[in-house]
Amino acid sequence: MQHHQRANFGSRLGIVLATAGSAVGLGNIWRFPYMTGQNGGAAFILLYILFVFLLGIPGMVAEFVVGRSAQSNAARAYNRMAGRTPWRVIGYLGVFTSMIILGFYAVVAGWCMQYLTVALTGGLETDATQVANYFKDYSSGTWVPILWTIGFIVITHLVVVRGVRNGIEKASKLLMPLLLLLLVLLIVASCMLPGAMRGVEFFLKPDFSQLTPNVLLEALGQAFFSLSLGTACLCTYASYFGRNTNLTNSAFQIAMLDTIVAVMAGLMIFPAAFSVGVNPDSGPSLIFITLPNVFGAAFSSAPAVGYIVSVLFYFLLALAALTSTISMHEIGTAFFHEELKVSRGKGAIIVTVICCIIGIFCSLSNGSLSDVKLLGMNLLDFCDSLTAQVLLPLGALLTCLFVGWYIPKQVVKDQVTNWGTLPSWRLKVFLFAVRFICPLCIISIFLHQFGII
Ligand code: PHE
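Here the structure is a predicted model, which is why all the values come from computation and not from measurement.

J.: Account for the overall build of the chain, naming residues and giving values.
T.: Regarding its fold elements, the chain presents 18 helices and 0 strands. A globule of 453 residues ought to have a C-alpha radius of gyration of about 22 Å, and the chain, at 21 Å, matches this closely. Overall, the C-alpha framework of the chain stretches about 65 × 50 × 45 Å when taken along its three principal axes. Going through the 453 residues of the chain one by one, you find that 60% of them count as buried. Across the chain, contacts joining residues at least 24 apart in sequence account for 82% of those joining residues at least 6 apart. Surface accessibility of the chain: about 17000 Å² in total, with carbon and sulfur atoms responsible for 68%. Counting 25 positive and 17 negative side-chain charges, the chain places the averaged centre of each group 17 Å from the other.

J.: Tell me about the side chain of Ser-72, residues and numbers included.
T.: By the element assignment, Ser-72 lies in the loop between helix H3 (42–70) and helix H4 (74–82). On the accessibility criterion, Ser-72 (2% relative accessible area) is buried. Within the local environment of Ser-72, its side chain forms a polar contact with the backbone nitrogen of Ala-77, the two atoms lying 3.3 Å apart.

J.: Give me the lowdown on a nonpolar patch on the surface, citing residues and values where you can.
T.: A surface patch of nonpolar side chains, about 330 Å² in accessible area, is lined by Phe-53, Phe-252, Met-256 and Ile-260. At 3 residues, helix H12 (residues 247–276) tops the list of elements feeding residues into the nonpolar patch. Positionally, Phe-252 belongs in helix H12. Overall, Phe-252 belongs to the partly exposed group, its relative accessible area being 43%.

J.: Residue-level account of the packing of H3 against helix H17 (residues 409–416), with values.
T.: For the pair H3 and H17, interaxial distance at closest approach is 10 Å and the crossing angle is 100 degrees. For the element pair H3 / H17, the angle class is roughly perpendicular. Contacts from Val-61, Val-65, Arg-68 and Ser-69 in H3 reach Val-411, Val-412, Gln-415 and Val-416 in H17. Of the residues assigned to the contact of H3 with H17, the class counts are 5 nonpolar, 2 polar and 1 charged.

J.: So what about the pattern of salt bridges? Which residues, and what values?
T.: Applying the stated criterion to the full structure yields 3 salt bridges. Salt-bridge contacts for Asp-384 lead to Arg-31; the nearest nitrogen and oxygen are separated by 2.5 Å. Placement of the pair is Asp-384 in helix H16 (residues 379–406) and Arg-31 in helix H2 (residues 26–38), with a sequence separation of 353 residues. The buried category is assigned to Asp-384, whose relative accessible area is 1%.

J.: Can you break down the site of the ligand residue by residue, with the values?
T.: In the vicinity of the ligand, 15 residues are found, and the nearest of them are Ala-23, Gly-27, Tyr-105, Phe-225 and Ser-228. The contact in question runs from an oxygen atom of the ligand to an N or O atom on the side chain of Asn-28, over 3.3 Å. Ser-228 places a polar side-chain atom, nitrogen or oxygen, 3.0 Å from a nitrogen atom of the ligand. Against a free-state accessible area of 330 Å², the protein chains account for coverage of 100% of the ligand. At the level of elements, helix H1 (12–23), H2, helix H5 (89–120), helix H10 (213–226) and helix H14 (303–339) are the ones that each hand at least two residues to the shell around the ligand. Of the residues contributing to the shell around the ligand, the split by class is 6 nonpolar, 9 polar and no charged.

J.: So, the packing of aromatic side chains: which residues are in play, and what are the values?
T.: Tallying each qualifying case throughout the model produces 28 aromatic pairs. Each ring, one from Trp-87 and one from Tyr-406, has its centre 6.1 Å from the other, and the planes form 40 degrees; the classification is tilted. Remark: Tyr-406 occurs in helix H16 and Trp-87 occurs in the loop between H4 and H5; sequence separation between them is 319 residues. By way of ring pairs, the aromatic residues Trp-111, Tyr-115, Tyr-134, Phe-135, Tyr-138, Phe-288, Phe-295, Phe-313 and Tyr-314 are connected into one cluster. Between Arg-435 and the ring centre of Trp-405, over which it is positioned, the NZ or CZ distance is 4.9 Å.

J.: Tell me what's going on with H2, and back it up with residues and numbers.
T.: For H2, spanning 13 residues, the distance from its first C-alpha to its last is 17 Å, which sits close to the expected 18 Å at 1.5 Å a residue. At Phe-32, H2 shows its largest bend, some 35 degrees, and a proline, Pro-33, comes one to four positions later. Of all 13 residues making up H2, 12 are buried, and the element is well covered by its neighbours. Looking one or two residues past H2, Gly-40 carries a phi angle of roughly 90 degrees, positive in sign.

J.: So what about the environment of Ser-285? Which residues, and what values?
T.: Structurally, Ser-285 can be placed in the loop between H12 and helix H13 (286–297). In this structure Ser-285 comes out as buried when scored by relative accessible area, which is 14%. For the pair Ser-285 and Tyr-34, spaced 251 residues apart in sequence, the C-alpha separation works out to 7.9 Å.

J.: Got a sec to walk through the packing of H3 against H12? Specific residues and values, please.
T.: Contact geometry for H3 and H12: axes closest at 9 Å, N-to-C directions at 140 degrees. The angle between H3 and H12 places the two elements in the oblique class. Crossing angle aside, the handedness with which H3 passes H12 is right-handed. Contacts between H3 and H12 involve Tyr-48, Ile-49, Val-52, Phe-53, Ile-57, Met-60, Val-61, Phe-64, Val-65 and Arg-68 on the former and, on the latter, Leu-247, Thr-248, Ser-250, Ala-251, Phe-252, Ile-254, Ala-255, Met-256, Asp-258, Thr-259 and Ala-262. When its residues are assigned to classes, the contact of H3 with H12 shows 16 nonpolar, 3 polar and 2 charged.

Basis of the calculations
- Residues numbered from 1 in each chain as written.
- Predicted model: local features only at pLDDT ≥ 70, side-chain atom pairs only at ≥ 80, totals over all residues.
- Heavy atoms only, no water.
- Helix = DSSP H or I, 4+ residues; strand = E, 2+ residues; numbered from the N terminus.
- Rg over C-alpha atoms; globule rule 2.2 N^0.38 Å.
- Buried < 20%, exposed > 50% of the residue type's maximum accessible area, 1.4 Å probe, protein only.
- Contact = heavy atoms within 4.5 Å.
- Areas by Shrake-Rupley, 256 points an atom, 1.4 Å probe, with all protein chains shown as cover.
- Lys, Arg positive; Asp, Glu negative; His and termini not counted.
- Charge placed at Lys NZ, Arg CZ, Asp CG, Glu CD.
- Polar contact = N/O pair within 3.5 Å; in protein donor to acceptor, adjacent residues only side chain to side chain.
- Patch = residues over 30% accessible without salt bridge, like charges linked within 9 Å, V, L, I, M, F, W, Y side chains within 5 Å.
- Salt bridge = Lys/Arg side-chain N within 4 Å of Asp/Glu carboxyl O.
- Axes fitted to C-alpha atoms, helices over the stretch in contact; angles between N-to-C directions.
- Parallel < 35°, antiparallel > 145°, perpendicular 65-115°, else oblique.
- Nonpolar A, V, L, I, M, F, W, Y, C, P; charged D, E, K, R; others polar.
- Near = heavy atom within 4 Å.
- Phe/Tyr/Trp six-rings, centres within 6.5 Å; stacked < 30°, edge-to-face > 60°.
- Lys NZ or Arg CZ within 6 Å of the ring centre and 35° of its normal.
- Expected span 1.5 Å × (residues − 1).
- Bend = angle between axes of the 7 residues up to and from the residue.
- Left-handed = near helix turned anticlockwise from the far one by under 90°.

And the structure:
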């Protein structure tokens with residue numbers, strides 16, 4: 001079989017950071033708060049954290065195992081290991097899912113870009129009603145949101161064709177510590193607003209009567225979405241890992257970081273939302289109709305600081321989104337490049353065009369196409385639910401079964417223990433999780449959702 005000279009990540013830090021850069025993004029800062037708000041608060045968070053550690057970490061390691069041992073794009077990785085069996089489908093499913101996610105994700109990233117430019121020119125609304133109206137007017141518009149959506153995909157495209165190391169690694173290294181710092185600052189600002197404590201309570205005090213079957217699936221979907229799990233994204237990135245990368249430790253570290261950022265985002269949003277009277281179940285608009293109030297109210301005595309903080313925040317949010325879109329784009333780009341034997345540039349163009357088309361329709365679904373409903377949802381919400389609640393859990397389920405039951409145990413052993421240099425208990429725990437715990441939990445949640453159990 002032909003082996004391409006594959007790009008490689010430079011440093012150990014680079015690998016963990018770039019994969020963490022994929023995980024940390026709008027999933028944590030935009031999606032997690034709105035999901036928490038729609039699903040009743042703290043009880044949802046506990047479930048989410050449980051799923052991250054019980055199912056997410058083994059799932060991540062499973063994708064790492066496939067990616068690093070096959071050393072190729074997602075589809076070929078599964079092809080190589082699955083031969084002619086139906087397991088091959090997992091790789092194609094990943095490529096398909098990642099392109100749908102990139103399509104709608106870019107719309108939201110485009111909203112961030114708009115807020116960044118408005119913040120830069122000092123025109124951010126800070127009056128509570130104006131803030132809400134602004135979002136509604138803007139997101140239902142036609143041309144500007146579409147241009148930002150396409151713009152964001154094109155920026156992603158440019159980073160991806162510059163190569164794995166230069167593009168991804170540099171961006172991730174710069175981003176993460178700064179983002180964490182800013183979140184701390186905004187949490188403090190948000191918690192100091194009048195009436196903020198009710199938001200903290202909503203976020204930290206669980207009410208288990210809120211747990212419906214749907215909440216289980218939403219929490220599962222959110223955990224997988226946030227960890228970039230189930231799209232073969234982690235598999236593609238792991239194909240660039242070196243032989244010394246400790247797969248289990250990396251998965252654990254990334255999951256920790258990802259969860260911390262999500263919880264911090266929640267602590268930033270809910271106190272402010274309760275303080276200014278934004279409904280916590282406002283859905284996808286939640287952070288956009290909440291945050292400008294924080295910039296206005298919390299920094300009213302020092303508007304210059306408010307200005308700097310708002311610009312920096314939207315800038316970092318856009319960057320966090322970018323390191324995630326890069327990873328989604330990379331899946332398709334590596335796939336078309338290696339499978340169609342075209343240059344990386346051409347492979348990237350194919351992905352960009354497909355995602356722009358999806359993105360345009362998703363963007364319009366907030367405005368002129370808002371009457372077009374799929375299962376009662378507009379196209380953007382439909383793509384979001386379809387991927388998070390169906391395709392990602394399915395991709396993760398199949399990957400766990402594939403790694404747990406199909407591929408030779410020796411391959412798994414080599415990968416998980418780094419060719420026998422790490423303790424073997426890791427292998428035992430991992431195998432038990434991917435063979436039994438993950439499949440049983442995911443299948444039960446699916447069945448529960450449909451009222452079968
Ligand atoms: N994990 C990313 C986020 O939280 C989204 C993502 C999903 C990225 C799937 C890649 C693949 O924003």
